[in-house]
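What follows is the residue order along each chain.
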Amino acid sequence: LRGSYEEALPLLTLDEEPFAHAGWVRSRGALATVYNALGEHARAKEVCDHVERLQSPVDLEFPAMTLSVQLEHALADAGLGNFAAAVARLDALLERHSPGQGPLTLSSIHETRMRVAGAMGDRSALEHHRACMERWQHTTRIRSLIAHGERMAKEALAAAGCAPSQRGPEIEPGEMGQPLT
């Protein structure tokens, strides 16, 4: 998303037929992201519930297209104070996707789990999932992804009321390889 969340909202709330295009689920994930960012967690949860009711198990085999809805659902649950549901949803996603060892998928799940831990004030879980997120992000060598993770870690630490902790190992520019796809 670019610009402000308020600017994105009218573009994402267009009345679209479910699955009318290949990116429909992803666009609903973006809408849930906006609602969560604006503190409208109940609306984000409604969007996610609606999409998840319409998806088939086969749809869930393509996390690049569908994972954002599941992650935003967990963030909506956490925003509504239902931390147990958020943690259970994310832990189930980790169990489902860990065998594939997809670094982008797993770093995204651990990032969200870290953010939920921050909202819960659980420093131990926050640091565990931060380390896992960073490990997966660093395997990609994608600088923007690593920088995003660092920003999210700072936000999670702030949400937990913690001072920023020591940063993980830096990757020097000369060590950067081709990004994974």
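What this report covers is the structure whose coordinates are included nearby.

**Some points on unusual backbone geometry**
Positioned with a positive phi, glutamine 101 is a non-glycine residue whose angle comes to about 50°. In this structure, glutamine 101 sits in the loop between α5 (83-97) and α6 (103-120). Backbone geometry at arginine 141 places phi at a positive 60°, although glycine is not the residue there. Within the secondary structure, arginine 141 is located in the loop between α7 (123-140) and α8 (143-159).

**Regarding the pattern of salt bridges**
Within the structure shown, the criterion is met by nine salt bridges. Among the ionic pairs, aspartate 77 bridges to lysine 45, the shortest N-O distance being 3.1 Å. Linking aspartate 77 in helix α4 (residues 63-79) with lysine 45 in helix α3 (residues 41-54), this pair joins segments that are 32 residues apart in sequence. Residue classification places aspartate 77 among the buried residues on the basis of a relative accessible area of 2%.

**Thoughts on a nonpolar patch on the surface**
Residues Val58, Phe62 and Met65 make up a contiguous nonpolar surface patch of about 280 Å² in total accessible area. Residue placement: phenylalanine 62 occurs in the loop between α3 and α4.

**Digging into the packing of aromatic side chains**
Tallied over the full model, the rule gives zero aromatic pairs. Lying across the ring of tryptophan 136, arginine 135 places its NZ or CZ 4.5 Å from the centre.

What counts, and where the lines are drawn
Residues numbered from 1 in each chain as written. Predicted model: local features only at pLDDT ≥ 70, side-chain atom pairs only at ≥ 80, totals over all residues. Heavy atoms only, no water. Helix = DSSP H or I, 4+ residues; strand = E, 2+ residues; numbered from the N terminus. Salt bridge = Lys/Arg side-chain N within 4 Å of Asp/Glu carboxyl O. Buried < 20%, exposed > 50% of the residue type's maximum accessible area, 1.4 Å probe, protein only. Patch = residues over 30% accessible without salt bridge, like charges linked within 9 Å, V, L, I, M, F, W, Y side chains within 5 Å. Areas by Shrake-Rupley, 256 points an atom, 1.4 Å probe, with all protein chains shown as cover. Phe/Tyr/Trp six-rings, centres within 6.5 Å; stacked < 30°, edge-to-face > 60°. Lys NZ or Arg CZ within 6 Å of the ring centre and 35° of its normal.

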